[in-house]
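# Structural description and commentary
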Amino acid sequence: IVSAFIAHTPGSAAAYEEARTHFPGGVTHDARYVRPHPLAIARAAGPRKWDVDGNEYVDYAGGHGALILGHAHPAVTAAVAEQLAKGTHYGANHTLETRWAELVKSMVPSAEMLRFTNSGTEATLMALRVARAATGRTKLLRLRGHFHGWHDHMAFGVTGHFDGTPTPGVLEALTENVLLVDPNDEAGLRALMAAHGDEIAVAILEPTGSSYGQVPLRDSFVHLLREETAKHGVVLVFDEVVTGFRVARGGAQEVLGIRPDLTTLAKILAGGLPGGAVVGRRDLLELLDPERAAARGVEKIPHQGTYNANPLSAAAGIATLEILRDTDAIARAHAYAAELRSAMNGVLEELSVPWAVYGSNTGIHIFTNWKKLPITPSSFDPLALGYADLKVPRGTQVVTKLLLAMRTHGVDFSPWPGGPVSAMHGPAERDATVAAF
Ligand code: PMP
């Protein structure tokens, strides 16, 4: 498998040789790291992309989940080009940011006010700060395996650190402020809230489960979290960086019928350009307002950011969100994913491979059964397993081989493995994916 991949991608191999002289590990995002080398991409359009050797791929990387309309959507590129000619950045208020905000508020049920950031990481950092300032409390409640960006406070309970120890370079002293609960552990959540509820400033989660449903959450667990946080005055943050504008126009909160206090957004929000936002309750976000904070007798929360609400990101975000609001794009992406999951499970059944393809909405998760459990695709129930079974350690040999073999056969899955689909994937992409699989 490895030598076939190397023979297929000599240009990517050469590009990686050079990249290793510039970048640690030869990559600029950990998830792009794979041996013998990652693909070097030259261009992309719709659901497809091409590497530097001219090989074509069905794309399931989707810009790390930012591209529900596929690559280079004509409405998005036109909006960006139009803005580009008027200037890339003003360092000032502009009308696009207002239109962008209006759209977000019209789509996301809990968005009363918002503040734009540059990324999802910045959005979760600000949500945490707002919650701590508002409550005067210190503790942060997290779910094991849930990812909220790479800043210090979220460097606990992630893959490799389920025991609650921080990742390298993060202060040990922060550990005492982080409380971890297992996903779907209702008794554990109740006990933790009974013991510490009044010290907790904020609870944050990926509302459909970690890695966009790779470890799915029961709806009842999320509802319990809403009840318990409300009871104890804890600020509940839905991290909808991935699920926002993907699970539904209003994100997972619309489908669950739950109103979080704050929501973090990024990825689709900015239509494939850099951008993020923290949105939610007016009384909480007013802590960023100099006059409102002063009227309450508190110091405002500082927040800068050179590229906040960058006009190019705003233009791409508006063009994308308008399409998602006015067309059936989200529903088409969901339908494609359901068809693909079912067709891939057909392949597994036909070949008697004890794996399963699962997911909801636009998710494609491939359970490669590293523990060799006695399952079939039709008997597989991810809710019956825990995060440790479902979160395949990155770099597990079978996952790497699967990713490389799929690439040799013209399909680029995301590394967890699988990948979110876009509204531009259709029958040709489905057939190509199934044939490669
Ligand atoms: N939260 C979630 C749920 C994410 O998936 C990610 C990124 N994959 C982030 C936060 C961080 O967003 P960003 O990469 O824009 O900093």
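Predicted model, so just to flag it, every value in this text is computed and none were measured.

A few words now on the environment of Pro274. Mapping Pro274 onto the fold places it in the loop between β10 (262-265) and β11 (276-280). C-beta crowding within 10 Å serves as the criterion here: with 16 such atoms nearby, Pro274 is assigned to the partly exposed category. Look past the residues within four positions of Pro274 in its chain and what remains in contact with it is Asn118, Ser119, Tyr307 and Ser313.

Spatially, seven strands are ordered β4-β11-β10-β9-β7-β5-β6 in an open sheet, and the strand pairing comes out mixed. Edge strands, defined here as strands with exactly one partner in the open sheet, are β4 (113-117) and β6 (178-181). On average, each strand axis in the sheet is inclined to that of its neighbour by 20°, with strand direction left out of account. Relative to β10, strand β9 (residues 235-239) runs parallel, the two sharing three bridges.

Every one of the 14 residues lining the ligand counts as a neighbour, but Ser119, Gly120, Thr121, Gly149 and Val241 are closest to it. Among the elements that line the shell around the ligand, the one with the most residues is helix α6 (residues 120-135), at three residues.

Now for the environment of Thr408. In this structure, Thr408 sits in helix α16 (residues 397-408). Between the C-alpha atoms of Thr408 and Ala4, which are 404 residues apart in sequence, the distance is 7.0 Å. Those residues in contact with Thr408 that lie beyond four places of it in its chain are Ala4, Phe5 and His8.

Within the largest apolar cluster, 106 residues are counted, with the highest numbers of intra-cluster contacts made by Ala127, Ala131, Val202, Ala203, Val235 and Val237. Residues within four places of Ala131 in sequence aside, it is in contact with Ala201, Val202, Val235, Val237 and Leu262.

Strand order in the open sheet formed by four strands is β1-β2-β3-β14, and the pairing between neighbours is mixed. At either margin of the open sheet sits one strand with a lone partner, and together these are β1 (41-45) and β14 (411-412). Alignment of strand β2 (residues 48-51) against strand β3 (residues 56-59), held across three bridges, turns out to be antiparallel. Following the sheet pairing, Lys49 is matched in β3 by Tyr57.

Interface size is often expressed as the accessible area that is lost when the parts come together. As far as domains go, the protein holds domain 1 (2-72 + 328-436) and domain 2 (74-326). The straight-line distance from the C-alpha centre of domain 1 to that of domain 2 is 26 Å. Opposite the 25 residues of domain 1 that make contact, domain 2 presents 28 residues. Taken together, the elements giving at least two residues each to the side of domain 1 that touches domain 2 come down to α3 (62-65), α14 (329-350) and α15 (387-390). Counted by class, the side of domain 1 that touches domain 2 contains 14 nonpolar, nine polar and two charged residues.

Thresholds, definitions, all that
Residues numbered from 1 in each chain as written. Predicted model: local features only at pLDDT ≥ 70, side-chain atom pairs only at ≥ 80, totals over all residues. Helix = DSSP H or I, 4+ residues; strand = E, 2+ residues; numbered from the N terminus. Buried ≥ 20, exposed ≤ 12 C-beta atoms within 10 Å, placed from the backbone. Contact = placed C-beta atoms within 7 Å. Pairing = 2+ DSSP bridges. Axes fitted to C-alpha atoms, helices over the stretch in contact; angles between N-to-C directions. Near = placed C-beta within 6 Å. Core = buried A, V, L, I, M, F, W, Y, C linked by C-beta atoms within 7 Å. Domains from an automatic or database assignment. Nonpolar A, V, L, I, M, F, W, Y, C, P; charged D, E, K, R; others polar.

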